[in-house]
Amino acid sequence: MKVSLSAIPRIRIANLPTPVEKLTRLATKIGVRELWIKRDDLTGLAFGGNKTRKLEYLLAEAISHGAKTLITAGAVQSNHCRQTAAAAAKFGFDCVLVLTGEPPTRYSGNLFLDHLLGAEIVWCQKEARETTLQEVFQHLWQAGRRPYLIPYGGSNSLGALAYAQAMIELAEQDIRVDWIVFPSSSGGTQAGIVMGSKICGVNSRILGISVDRPAIDLQNWILQLIHTTIDSYSLSVNVSSEDVWVNDAYLGEGYGIPTQADIQAVLDFARTEGILLDPVYTGRAAAGMIDLVKRGTIPPDASVLFWHTGGSPALFAEGYVKLFTSVE
Ligand SMILES: *Cc1c(COP(=O)(O)O)cnc(C)c1O
C-alpha cells in the first residue's frame, strides 16, 4: 500500500491531534460498555469544528492559486462559513459568504461571529444559491479580487483528504472501537473517515447520521466523492458501497429543526459530561447513537467513538436559546 497524503500541500491551522476522551458517566447512562469522544470541536480556530481540518488543505490551494478572496455558501448558522471567515482573516484573505434565507433582524450565534470576523455577507433564497455564487464569483473576478470558491461544507477531494488524515490521526492515538458515529451532511467528513480507515486498516463500523437528506442520496454522493478522490490522488485503497453507511432515521422535520430527542441528547452530554454539542449536527447524531444503543443495533457490550464535529456557537443563536430554555 503506497499512500502519501503527506505530499499534499497543507497549511497548519488546527490544534492537532485533537484529544480523545472517555465518557464513563454517559456510557453508563445510555447503556453501552465503552464510549469515547474525539474532540474536533477543539480544533481551535474561532471555536473550531470539522471544517478547520478541511480548510488546511483548501487554503493551501487558494494560496497557490494566488487568490485574494474566499467565497463560500451555507445556512444562516453555518459553522463552515464561520470557520472559513476566521481562516480568511488569519491568512489575509477577504471573505464573502453567500447565506441562504432571510436576513434576521438581529445577529446571533455563528452569524454574529461571521460579522466579527469581517466577512461580507450576501443573502439569497435557497433555490438561487448556485446562480448567486456564480454571480458573486464573476463580480469579484471582474473587480480584480481573485476569488477562490470553497464548495458547500468544504466537501471536495481536498476536504475529504483532510478527514482521511484525521482518521489516521485517530488510529495513531491507539483507540480501537467497534463503532465510529458522527453527523454527516455534505459528506466530506464521512468520505475521509472511510478512506482513512482503509488506509490504516481500521475495521470499526463507520456510521454517518444524516442530518438533512435521504440516506441513499448522501451515500451515493459520498461514494462518488471517494472514487473521485482515489482517482485524482492515485490512492491505493478499495472502497465499496458497503463501506459507506448512512442512517437517515433521525431527520425529524428537517435540517436545523431539533427534535425532542436531539434536544435531550444535547442536555445529556452537557449534564453528564460537561460537553457542549450543537443543535443542528452533533445533537442529531448523538440522538441517533443513543437510540441505536437503546434498540440494540449498537449492542450493549460494544465500544463506541462519537466524533464531535463542532458547532457549539449555534447554541447561542437566538432561536435555539429560546427552544432549549422552553423545553423544561
Ligand atoms: C459541517 C458539519 C458537519 C457535517 O460534515 P460534512 O463533512 O459536511 O458531512 C457535522 N457537524 C458540524 C458541527 C458541521 O459544522
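Nothing here was measured: the structure is a model prediction, and the numbers come from that model.

**Q** Talk me through the overall build of the chain; I want residue IDs and the actual numbers.
**A** When you go through the chain residue by residue, the secondary structure sums to 11 helices and 10 strands. Over its C-alpha atoms, taken along the principal directions, the chain stretches across nearly 60 × 55 × 35 Å. In the chain, which comprises 328 residues, the share counted as buried stands at 58%. Pairs at least 24 residues apart make up 79% of the contacts formed inside the chain by residues separated by at least 6 positions. On the chain, roughly 13800 Å² of surface is accessible, and the fraction owed to carbon and sulfur atoms is 52%. Within the chain, one finds 29 positive and 32 negative side-chain charges whose respective centroids are separated by 4 Å.

**Q** Talk me through the packing of helix α2 (residues 50–64) against helix α6 (residues 157–172); I want residue IDs and the actual numbers.
**A** Viewed as axis vectors pointing N to C, α2 and α6 meet at an angle of 125°, and their least axial separation amounts to 8 Å. Classified by the angle between their axes, α2 and α6 sit oblique to one another. Note that α2 runs across α6; the crossing there is right-handed. Where α2 abuts α6, its residues N50, R53, K54, Y57, L58 and E61 lie against L158, G159, A162, Y163, Q165, A166 and E169. Of the residues belonging to the contact of α2 with α6, the class tally is six nonpolar, three polar and four charged.

**Q** So what's going on with the packing of helix α9 (residues 260–273) against helix α10 (residues 282–295)? Which residues, and what values?
**A** Across the interface, α9 lies against α10 with an axial gap of 8 Å and an inter-helix angle of 90°. The angle between α9 and α10 falls in the class roughly perpendicular. Together, A261, D262, A265, V266, D268 and F269 of α9 and G283, R284, A286, A287, M289 and I290 of α10 make up the contact between the two elements. A per-class count over the contact of α9 with α10 returns eight nonpolar, one polar and three charged.

**Q** So what's going on with the site of the ligand? Residues and values would help.
**A** Near the ligand you find 17 residues, and of these K51, K54, S186, T189 and T309 are the closest. Between K54 and the ligand, the recorded distance is 2.7 Å, taken from a side-chain N or O atom to an oxygen atom. Between the ligand and S185 there is a distance of 2.8 Å, counted from an oxygen atom to a backbone nitrogen or oxygen. Relative to its free-state accessible area of 380 Å², the ligand is covered by the protein chains to the extent of 98%. Of all the secondary-structure elements, those providing two or more residues to the shell around the ligand are α2, β7 (179–184) and α7 (188–199). At three residues, the largest contribution of residues to the shell around the ligand is made by α2. Grouping the amino acids of the shell around the ligand by side-chain chemistry returns two nonpolar, 12 polar and three charged.

Parameters and conventions
- Residues numbered from 1 in each chain as written.
- Predicted model: local features only at pLDDT ≥ 70, side-chain atom pairs only at ≥ 80, totals over all residues.
- Heavy atoms only, no water.
- Helix = DSSP H or I, 4+ residues; strand = E, 2+ residues; numbered from the N terminus.
- Buried < 20%, exposed > 50% of the residue type's maximum accessible area, 1.4 Å probe, protein only.
- Contact = heavy atoms within 4.5 Å.
- Areas by Shrake-Rupley, 256 points an atom, 1.4 Å probe, with all protein chains shown as cover.
- Lys, Arg positive; Asp, Glu negative; His and termini not counted.
- Charge placed at Lys NZ, Arg CZ, Asp CG, Glu CD.
- Axes fitted to C-alpha atoms, helices over the stretch in contact; angles between N-to-C directions.
- Parallel < 35°, antiparallel > 145°, perpendicular 65-115°, else oblique.
- Left-handed = near helix turned anticlockwise from the far one by under 90°.
- Nonpolar A, V, L, I, M, F, W, Y, C, P; charged D, E, K, R; others polar.
- Near = heavy atom within 4 Å.
- Polar contact = N/O pair within 3.5 Å; in protein donor to acceptor, adjacent residues only side chain to side chain.

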